[in-house]
Amino acid sequence: MSPYQKSDFHYELPEKLIARYPLAERSASRLLVAQVQDEQNLMLSDQKVSDLPQFIQPQDLLVFNNTRVLPARLFGEKSSGGKIELLIERLQDTHHVAAYIRASKAPKIGATLHIGGYQVQVQGRNEALFYLYSDSPWAEIMQRLGEMPIPPYLERQADESDDERYQTVYAKHLGAVAAPTAGLHFDSALLAALSAKGIASTEVTLHVGAGTFQPVRHEDLSAHVMHKEWLSVSEENVAAVEACKARGGRVIAIGTTSLRALESAAQSGRLQAFAGDTDLFITPPDYRFRVVDALFTNFHLPESTLLMLVSAFAGMENTRRIYAHAIAQQYRFYSYGDAMFLPQRLDNQRES
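The rules behind each value
- Residues numbered from 1 in each chain as written.
- Predicted model: local features only at pLDDT ≥ 70, side-chain atom pairs only at ≥ 80, totals over all residues.
- Heavy atoms only, no water.
- Salt bridge = Lys/Arg side-chain N within 4 Å of Asp/Glu carboxyl O.
- Helix = DSSP H or I, 4+ residues; strand = E, 2+ residues; numbered from the N terminus.
- Buried < 20%, exposed > 50% of the residue type's maximum accessible area, 1.4 Å probe, protein only.
- Pairing = 2+ DSSP bridges.
- Axes fitted to C-alpha atoms, helices over the stretch in contact; angles between N-to-C directions.
- Expected span 1.5 Å × (residues − 1).
- Contact = heavy atoms within 4.5 Å.
- Domains from an automatic or database assignment.
- Buried area = accessible area lost by both parts, 1.4 Å probe.
- Polar contact = N/O pair within 3.5 Å; in protein donor to acceptor, adjacent residues only side chain to side chain.

Asks: Could you give an account of the pattern of salt bridges, with specific residues and numbers?
Replies: One pass over the structure, following the stated rule, counts 15 salt bridges. Residue arginine 20 pairs with glutamate 15 through a salt bridge whose shortest N-O separation is 3.1 Å. Among the salt bridges present, the one from aspartate 293 reaches arginine 345, with a minimum N-O distance of 3.9 Å. Taken together, the residues aspartate 293 in the loop between strand E15 (274–278) and strand E16 (294–298) and arginine 345 in the segment after strand E17 (339–342) connect sequence positions 52 residues apart. When its relative accessible area of 18% is taken as the criterion, aspartate 293 is described as buried. For arginine 345, a relative accessible area of 25% translates into the label partly exposed. Via salt bridges that share partners, Glu15, Arg20 and Glu155 belong to a single interconnected network.

Asks: So what's going on with the sheet that holds strand E10 (residues 129–134)? Which residues, and what values?
Replies: The sheet built from six strands closes into a barrel, its strands ordered E5-E6-E7-E10-E9-E8 with antiparallel pairing. Neighbour-to-neighbour, the strand axes of this sheet turn through a mean angle of 45°, independent of strand direction. As paired elements, strand E7 (residues 96–103) and E10 share five bridges and run antiparallel to each other. Each residue of the ladder has a partner; that of tyrosine 100, found in E10, is leucine 129.

Asks: Please set out helix H7 (residues 316–328) residue by residue, giving values where relevant.
Replies: For H7, which comprises 13 residues, the first-to-last C-alpha distance of 18 Å matches the rise-based estimate of 18 Å (1.5 Å per residue) to within 8%. Listed in full, the buried residues belonging to H7 are Met316, Asn318, Thr319, Ile322, Tyr323, His325, Ala326 and Ile327. Close packing links the buried residues of H7 with strand E1 (30–36), strand E2 (42–48), E16, helix H6 (305–314) and E17. Just beyond H7, the residue with positive phi is glutamine 330, at close to 55°.

Asks: Tell me about the domain arrangement of the protein chain, and name the residues and values.
Replies: One widely used convention gives an interface's size as the accessible area the parts lose upon coming together. With domains assigned, the protein chain is organised as domain 1 (6–69 + 163–342) and domain 2 (73–145). Averaged C-alpha coordinates put domain 1 and domain 2 at centres separated by 31 Å. In this assembly, nine residues from domain 1 lie in contact with five residues from domain 2. With both sides pooled, the region where domain 1 packs onto domain 2 buries about 550 Å², and carbon together with sulfur makes up 48% of that total. Our count for the contact surface shared by domain 1 and domain 2 stands at one salt bridge. Aspartate 277 is paired through a salt bridge with arginine 90; the nearest N and O atoms lie 3.0 Å apart. Our count for the contact surface shared by domain 1 and domain 2 stands at two residue pairs in polar contact (both at pLDDT 80 or more).

Asks: I'd like a rundown of the pairing of strand E5 (residues 73–78), residues and numbers included.
Replies: Of the pairings in the sheet, the one linking E5 to strand E6 (residues 83–91) comprises five bridges and is antiparallel in character. Bridge pairing in E6 links arginine 73 to leucine 87. Between E5 and the antiparallel strand that follows it, E6, lie four residues; glycine 81 among them carries a positive phi value of about 100°. The pairing of E5 with strand E8 (residues 112–115) spans two bridges and is classified as antiparallel. Within E8, the residue paired with glutamate 77 across the bridge is histidine 114.

Asks: I'd like a rundown of the sheet that holds E16, residues and numbers included.
Replies: One open sheet accounts for nine strands, arranged E2-E1-E17-E16-E14-E3-E12-E13-E15; its pairing is mixed. For this open sheet the edge positions go to E2 and E15, each flanked by a neighbour on one side alone. Recorded for the sheet is a direction-independent mean angle of 20° between the axes of neighbouring strands. Examined bridge by bridge, strand E14 (residues 251–254) and E16 share three bridges and lie parallel to one another. From the neighbouring strand, isoleucine 252 faces E16, where its bridge partner is alanine 294. Across the sheet, H7 is in contact with E1, E2, E16 and E17; its angle to E2 comes to roughly 40°.

This is the structure in structure tokens:
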């Protein structure tokens, strides 16, 4: 049982520091680099994301998540005329999805929903998730009528710019309903600079689910039910990681989703190829990292599972100092905000 409770991960963020829109250039965001200077001191330096290559060595390995975000937010109505909003959580197959539904009154099993010119049947429900069937392919419905599912805390409607900016430049495999936001900082120029330095990279896939925005509802972390997300770690990924370790390099996860994919595929004790669901919940202080040596990530919401993961990687007190510095220096927070780089795991370091 964790010695920490949900409230241990709370912090106060001025609303003005929430990045509601992305910067004009992806790699122009600020970058907070946190390193252990010696056994007693955590050194924090303010950089830019474009400076990242100077902190990475040719023997290192960058691991990106190449999931592609679905236009997963849809609007329609019930047969009664009541308005509904759908957020697709997962494509189960061509004609079936699991979705969250916002409505004044939840639709009943067997009800017909109308989305544009499409009719959709409610076939089942499991707590907040509804299971929906459409004769037409869901990919077609989303392509014609869907909006990019930007996070609810942005408190705005998605616009055309989000179609590009809420997607990584290397996105390939359609299936996420939230972006792997650390990757949003990488543009072609930054990727070229990393490649020119001889730095290797590999791509895993983890389809980020809407559950990433679901709050932790229990003070006791052991009572939290982690949302499941589908991932794929290939034999090629495993070989790249093994080669990196053999040459003395660091496995650097670009984002918590890349980290979660790798660590999920290593739960047997060593990294193996894996495709399937994960509900891995990483919390301090007892989680033992098996694969990832360094982490590039955004700043996450208070009391979120993502902040808990970062706290496990960096240590609680280090994480509190990092976030306090970011707030004092007015970094931009959340999906479209600035980033931090932890060049090493700090969880087992002495914290002052």
